[in-house]
Structure formats: structure tokens, C-alpha cells
Amino acid sequence: MARFPTGSPGLRRAAAGAVALLLACSPLTACSRGSDDNPLGIGTFDPEAMASAEASESTAAAAASASAAASAEAAGVVTAESLSTERHVITSIPEDLDEQQTEILKAFVHYDEVTWNIWFTRTGVENAEPLMTAEAYQRLKNNLDQTVAGHTDGTVRVAVTSVYLTSPYDSPPKATVEICDDQTDLVKYDADGNDVSDPETLQVRYKIRITMVDEDGAWKESSEERLSTNECTV
């Protein structure tokens, strides 16, 4: 996400010639100089050097981005990138969250990642127990028991649109997280490897409201409500 000097036509032409030479020998054009066949030392185009220069710049940019993300994580700054995994990508989060909202966000993302991994592999349901209320965990187990054996491939993309306390003085306190859940990349397979995806229910985008409750100092998922289908964007 150049200014050049003005003056007589002769001066402008001379300036233009100098600019052309500078551009011809910029890092992106990767010029080379040969003293034997080019006594004036004028730069010549070198495609291999240009490709090498572009690759070096791309590598440096990627390293800088990774370094910035690592520095942000080390400083305790939460970003969409730091919350993402390969199969569970957070595309955006709200800005200016306070400390409590950030803890709720992190708890929700962890719960969402763990439960999606369960649906991806159909294993590890016990990993979700500490992240959910007892009632919600039982619902998850019941739903998993009713699902045909197999697995799900692809990447789920989640845009978190809001995080806010709804009942801070209740016991336990409650909070709401609203998301756009993009499942359009997912494919569901049965135990024999047959594609059994239902494009009406799986390969869609859902706007979802999740209720989180604070139990003994830990934010846990309590319930979810689908608000719309294929109307939100990530």
C-alpha cells in the first residue's frame, strides 16, 4: 500500500539523458559494466541479474514481514495473522480492543480453532472440553456422534466483526463475539473418500453470534446463533 530541474531545451535534454541513464542502471534493471567491450562504462541490461535482484527484494520483504509479526507477538500485540493457522485463518479483527476484549477474542479463536480441527479430523473432541461450558460440550459430542465417519479438507476463513461484554455484572459475566464464517473452501468426505459435501449447508458463509461466559476466570463458549447465510464477507 522526481522532480527534475527546468531551464533551456538543451538543459532539459541533458537532464533527461542523465535520468534515462540512472533508470537504466537502477537496482530493478540490474545493469552490468564491461570495461573491454564498453569503454564508456554505460550500463547494459542483464536479465539474470535483474531476476536475482527481484528475488532478493522478495525474500527481504517476506523476512521483514515475518520479523514484524514475531516482534508484535513477543510484545503481546494480537493481530489477525498471529491468531491464524494454516487451516483456520483469521482475516480481520476489530480495532482498539481493550485488555478484556482481547482476552475474550483470544479465547474464542482458540475454541474455534480446536473445534474446527475436530471436524477436520473427527478426532480429539476431548480437547474442546476445557473451552466450552458443560452443556455446550455435550452438544458438540452429540453432533459429532451423529456425523458420518470421514474427514473435512480445506481452510475456514473467519472475520471477527465485534467483541463486546453483554452482561459484565452477571454471574457469570457474558460476552458476545460476532463473526463471518467462510466455509466455501471446505470439502467433506466420508470414510471411503467420497465427496459428501452439501453446498447448501457447508460451502457457504455464515454470520454467527457466539456467546462466551467467564467460568472461574476462563472465557468459554456457551452458545452460537446463525444470523444469516451468504450475506457477510470476510
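Let me sum up the structure you'll find in this document. Just so we're clear, the structure is a prediction, and the values are computed from it rather than from any experiment.

Below, the discussion takes up the overall build of the chain. Tallying secondary structure elements over the chain gives 5 helices and 9 strands in all. Helices (α) and strands (β) of the chain occur, in sequence order from the N terminus, as α-β-β-α-α-β-α-α-β-β-β-β-β-β. Relative to its full complement of 234 residues, the chain shows a buried share of 31%. Total accessible area on the chain is roughly 14,200 Å²; 51% of this is exposed by carbon and sulfur atoms.

Taken as a whole, this structure holds 2 aromatic pairs when the rule is applied. With a centroid separation of 6.3 Å and an interplanar angle of 50°, the aromatic rings of Phe 108 and Tyr 111 are classed as tilted. With Phe 108 and Tyr 111 both in helix α4 (residues 99–121) and 3 residues apart, the pair spans about one turn of that helix. On the basis of relative accessibility, which here comes to 5%, the residue Tyr 111 falls in the buried class. If you follow Arg 226 out to its NZ or CZ, it ends over the ring of Tyr 206, 3.9 Å from the centre.

Before going further, it helps to examine the nonpolar core. The biggest cluster of nonpolar side chains holds 36 residues, and the ones touching the most others in it are Phe 108, Met 132, Val 160, Val 177, Ile 179 and Met 212. Those elements giving two or more residues to this core turn out to be α3 (80–83), α4, α5 (134–145), β5 (156–167), β6 (174–182) and β8 (205–215). With sequence-adjacent residues up to four places away left out, Val 160 is seen in contact with Ile 90, Ser 92, Ile 93, Pro 94, Leu 105, Phe 108, Val 177, Glu 178 and Ile 179.

Relative placement of two packed helices is described by the angle separating their axes and the distance separating the axes. Two elements in contact, α4 and α5, have axes whose closest approach is 11 Å; the angle formed by their N-to-C orientations is 15°. In terms of orientation, α4 lies roughly parallel with respect to α5. As for the relative orientation of α4 and α5, their crossing is right-handed in sense. Of the residues in α5, those touching α4 at Thr 115, Ile 118 and Trp 119 are Leu 140, Asn 143 and Leu 144. A per-class count over the contact of α4 with α5 returns 4 nonpolar, 2 polar and no charged.

Within the fold, Asp 192 resides in the loop between β7 (187–190) and β8. Each C-alpha atom of the pair Asp 192 and Gly 150 lies 7.5 Å from the other, and the pair is 42 residues apart in sequence.

Before going further, it helps to spend a moment on the sheet that holds β8. Strand order in the open sheet formed by 5 strands is β3-β5-β6-β8-β9, and the pairing between neighbours is mixed. Each edge of the open sheet is held by one strand with a lone partner, namely β3 (88–92) and β9 (218–229). Strand-to-strand, the axes of this sheet are offset by a mean angle of 35°, without reference to chain direction. The pairing of β8 with β9 spans 10 bridges and is antiparallel.

Turning next to the pattern of salt bridges. Counted according to the given criterion, the structure contains 5 salt bridges. Residue Lys 106 is joined to Glu 103 by a salt bridge in which the shortest nitrogen-to-oxygen separation is 3.7 Å. Within this pair, Lys 106 and its partner Glu 103 are both found in helix α4, separated by 3 residues, close to a single helical turn. Of the charged contacts, one joins Glu 225 and Arg 209 as a salt bridge, the two residues approaching to 3.5 Å between their closest N and O atoms.

Burial along strand β4 (residues 150–153) is one-sided: the face carrying Gly 150 and Thr 152 is buried and the face carrying His 151 and Asp 153 is not. Relative to β7, β4 runs antiparallel, the two sharing 4 bridges. Paired with Gly 150 across the strands is Asp 190, a residue of β7.

This part covers α4. With 23 residues, α4 ought to run about 33 Å at 1.5 Å a step, and its terminal C-alpha atoms sit 33 Å apart, in line with that. With a side-chain oxygen lying 3.1 Å from the backbone nitrogen of Gln 100, the N-terminal cap of α4 falls on Asp 98.

Rules behind the numbers
Every residue gets a number counted from 1 within its own chain, in the order that chain's sequence is written. Where local features are concerned, this predicted model is filtered to residues with pLDDT of at least 70; where side-chain atom pairs are given and counted, the filter is 80 or more; whole-chain, interface and lining totals use all residues. With hydrogens and water stripped out, all remaining heavy atoms of the structure feed into the side-chain values. Numbering of helices and strands runs from the N terminus; a helix is a DSSP stretch of H or I covering at least four residues, while a strand is a stretch of E covering at least two. Burial classes follow relative accessibility: with a 1.4 Å probe on protein chains only, a residue under 20% of its type's maximum area counts as buried, one over 50% as exposed, and anything between as partly exposed. Note on areas: Shrake-Rupley with a 1.4 Å probe; residue coverage comes only from the protein chains shown. To pair, rings of Phe, Tyr and Trp, with the six-membered ring standing in for Trp, must have centres within 6.5 Å; the planes then decide the type, stacked if under 30 degrees apart, edge-to-face if over 60, and tilted in the middle. Over a ring means this: the NZ of a Lys or the CZ of an Arg is within 6 Å of the ring centre and within 35 degrees of the ring normal. Nonpolar core, defined: a set of buried Ala, Val, Leu, Ile, Met, Phe, Trp, Tyr and Cys residues in which side-chain atoms within 4.5 Å join the residues together. Whether two residues are in contact is decided by their heavy atoms, any of which lying within 4.5 Å being enough. Whenever a helix is involved, its axis is fitted only over the stretch in contact; in every case the axis is a line through C-alpha atoms, and angles between N-to-C directions fall within 0 to 180 degrees. These descriptions rest on fixed angle ranges, namely under 35 degrees for roughly parallel, over 145 for roughly antiparallel, 65 to 115 for roughly perpendicular, and the rest for oblique. Note on convention: the crossing is left-handed when the near helix lies turned anticlockwise from the far helix by less than a right angle, right-handed when the turn is clockwise. Note on residue categories: nonpolar means Ala, Val, Leu, Ile, Met, Phe, Trp, Tyr, Cys or Pro, charged means Asp, Glu, Lys or Arg, and polar means any other residue, Gly included. When DSSP locates at least two bridges between a pair of strands, those strands are taken to pair. Salt bridge, as applied in this entry: a Lys or Arg side-chain nitrogen positioned within 4 Å of an Asp or Glu carboxyl oxygen. Residue count minus one, scaled by 1.5 Å, sets the expected span of a helix. Pairs of N or O atoms are called polar contacts if they sit within 3.5 Å, as long as, within protein, a hydrogen donor faces a hydrogen acceptor (for residues adjacent in sequence, only side-chain-to-side-chain pairs).

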